[in-house]
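Working through the structure, step by step
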Amino acid sequence: MPADRRPRRGRPLRPRLPQEVRRVKSLLERPAPTATAALTLRRGAARVLIDNWTGTSTVPSRTLYPHQWSWDSAFIAIGLRHLSVRRAQQELESLLTAQWADGRIPHIVFNPAVPHDAYFPSPDFWRSSGAGRAAGAPAAPETSGIVQPPVHALAAWLVHRADPAESERRGFLARVAPHLAAWHEYLLTRRDLGGAGLAAVVHPWEPGMDNSPSWDRALTRVEPTAPGTFRRADLAHGHPADRPTDLDYGRYVRLASDYRDAGYDDRATQFAFAVEDPCFNALLIAGEHALAAIVRELGGDGTRHTERADALTRRMVGRLWDEEAGIFRARDLTDDTLVSQDGVSGLIPLLAPGLPAHITTRLLTTLTGPRFDAPATRLVPSYDLTGPAFDAQRYWRGPAWFNTAWLIHRGLRTHGLREQAESLRQGVVTEAGASDFAEYVDPATGEARGARHFSWTAALTLDLLCADTEEPTA
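Structural notes, computed from the coordinates. What you are looking at is a predicted structure, and each value in this text was computed from that prediction instead of being measured.

Further remarks concern the overall build of the protein. Of regular secondary structure, the protein possesses 17 helices and 10 strands. In terms of C-alpha radius of gyration, the protein reaches 20 Å, essentially the compact-globule figure of 23 Å for 474 residues. In terms of principal-axis extent, the alpha carbons of the protein reach across some 55 × 50 × 50 Å. Counting every position in the protein, which comprises 474 residues, the buried fraction comes to 63%. Counted over contacts in the protein with a minimum sequence separation of 6, partners at least 24 positions apart contribute 72%. If you sum the accessible surface of the protein, you get close to 17400 Å²; carbon and sulfur atoms cover 50% of it.

What follows concerns unusual backbone geometry. Backbone torsion omega between F120 and P121 reads 0 degrees, so that peptide bond is classified as cis. Omega for the bond connecting A140 with P141 falls within 30 degrees of zero, at 0 degrees, which places this linkage in the cis form. Topologically, P141 is positioned in the loop between α6 (128-131) and α7 (152-162). Even without a glycine there, the phi angle at R378 is positive, about 60 degrees. Inspection of the secondary structure assignment puts R378 in the loop between α14 (357-367) and β8 (400-401). Taking relative accessible area as the criterion, R378 reaches 37% and is therefore assigned partly exposed. For F437, which is not a glycine, the phi torsion comes out positive at approximately 55 degrees. Looking at where F437 falls in the secondary structure, it is placed in the loop between α16 (418-434) and β9 (440-441).

All right, on to the environment of A444 then. Here A444 lies in the loop between β9 and β10 (448-449). Under the relative-accessibility criterion, A444 is labelled partly exposed at 48%.

With that settled, the discussion passes to the packing of helix α12 (residues 278-297) against helix α13 (residues 303-320). Relative to each other, α12 and α13 sit at 165 degrees, their axes nearing to 8 Å. Between α12 and α13, the interaxial angle falls into the category roughly antiparallel. Our pair here, α12 against α13, has a crossing hand that is left-handed. For the pair α12 and α13, contact is made by P278, N281, A282, L284, I285, E288, H289, L291, A292, V295 and R296 and by H305, T306, R308, A309, D310, L312, T313, M316 and L320, respectively. Among the residues making up the contact of α12 with α13, the classes are represented as 11 nonpolar, five polar and four charged.

This next bit is on the packing of helix α3 (residues 70-80) against helix α4 (residues 85-96). At a minimum axis distance of 8 Å, the contact between α3 and α4 shows a crossing angle of 165 degrees. In terms of axis orientation, α3 runs roughly antiparallel to α4. Judged by the sense of rotation from one axis to the other, the crossing of α3 with α4 is left-handed. Seen from α3, the contacting residues are S70, S73, A74, I76, A77 and L80; seen from α4, they are V85, R87, A88, E91, L92 and L95. Of the residues in the contact of α3 with α4, the class split is eight nonpolar, two polar and two charged.

Procedures and definitions
- The residue numbers shown here count from 1 along each chain, following its written sequence.
- Totals for whole chains, interfaces and linings use all residues, but because this is a predicted model, local features are given only for residues with pLDDT of at least 70 and pairs of side-chain atoms are given and counted only at 80 or more.
- Based on all heavy atoms of the structure, the side-chain values leave hydrogens and waters out of the count.
- Put simply, DSSP H or I for four residues or longer makes a helix, DSSP E for two residues or longer makes a strand, and each gets a number counted from the N terminus.
- Radius of gyration here uses only the C-alpha atoms, and the compact-globule reference equals 2.2 Å multiplied by the residue count raised to the power 0.38.
- The buried label applies to any residue whose accessible area, calculated with a 1.4 Å probe on protein chains only, is under 20% of its type's maximum; exposed applies above 50%, and partly exposed to all values in between.
- Contacts between residues were defined by any pair of non-hydrogen atoms, one from each residue, lying within 4.5 Å.
- Reported accessibility uses the Shrake-Rupley method at a 1.4 Å probe radius. Residues are deemed covered only where the shown protein chains occlude them.
- To define axes, lines are fitted to C-alpha atoms, for helices over the stretch in contact only, and angles between the resulting N-to-C directions are given on a 0 to 180 degree scale.
- Should an angle lie under 35 degrees it is considered roughly parallel, over 145 roughly antiparallel, and from 65 to 115 roughly perpendicular; all remaining angles are considered oblique.
- Working rule for handedness: look at the near helix, and if it is turned counterclockwise from the far one by less than a right angle, call the crossing left-handed; if clockwise, right-handed.
- Each residue gets one of three labels, nonpolar for Ala, Val, Leu, Ile, Met, Phe, Trp, Tyr, Cys and Pro, charged for Asp, Glu, Lys and Arg, and polar for the others, Gly among them.

Printed below as a string of structure tokens:
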């Protein structure tokens, strides 16, 4: 795709929503056929999403994350569809206006009204409109130059399914489909760094599990930027025990600045960090199935996307499945080996409907075994409970997250494992309410960690309270 052509067709992606705020707020008082406790939780989740709405999109947190994040917005749209389909559509559409001409959807879209010192790395660090010009970064808004997991096609399909008539009336699928296709094409071509047909991530922030022990070995090769050369805004809103270390951050900054200085060029950059991640590729598989459904809904033939999903599933099994460990593991492309650490990312391939039956069985055994079973909360820790790097408080090194629980819940339902899915669903809604919709929790005690009133926690809780009981089809 030429760098001067953005993947944009059809009507503009900036719909106006007159009176939408009043319409959404009115839903807080709408009666619902559910138990009082669930209705109270539903209203609490809705209030978080209303309070974090900026007018065009939803921030993950009013304090810690004051901009728009890519996979956050996809998860948020999945929950918003139960409050307002139009607002859920706008959540995705506002993100897609920042898509680059090469197809990438950046992991942050910056709000120009927010001061630069409110978050680091800020727009003046990424310098997307200048450093990313050759790769097709938009002149505005400013964005980051890296990406996050591709949840977007799945989110778009679920938003459409929530009200197909409204979606068709507004041409929602017709507008977003070319953007989603370009996004997947970017991942399947420019990010096939291993040459084996899987998408690679080039920064620990890209798989969304920033400081997972799965990245530790690869990060030892990265010379960190000196701590005194940047200021971490996250520590003003989060306890240092919850957050990545200064050494981690120094390496994150080095990787991001090297990528920026190479013009965000995936073909020219010498990546010190390049990994094939199971969660990232499982979501790409789910996204291809969703794109197939979207194309069929628009009157086309979705076979190409279904075939790509099947091929990705075979490649993921062939390259990332560890039979002895009973889990998928990330592949470090620098030395072409599987990492030895087990994280929640390795369970999320349950999303793939074409997994061989014996792998599904092994994954269920791992999920319910001592490494990932936290019976007190019924949630899934982000890292092996018995692993040497486990830390119940620090970000992705042990705490349980609600978005990964939602993905595993969907994966369990995909394979007809309804009893296990229901147990996990109960864990999510119970702990989300008890923790005041925390960013993540201690998997053993349920103690809230990170930000409170976190948008994707509220959105996915709302989805699990409201979603129908049909098995996922895309």
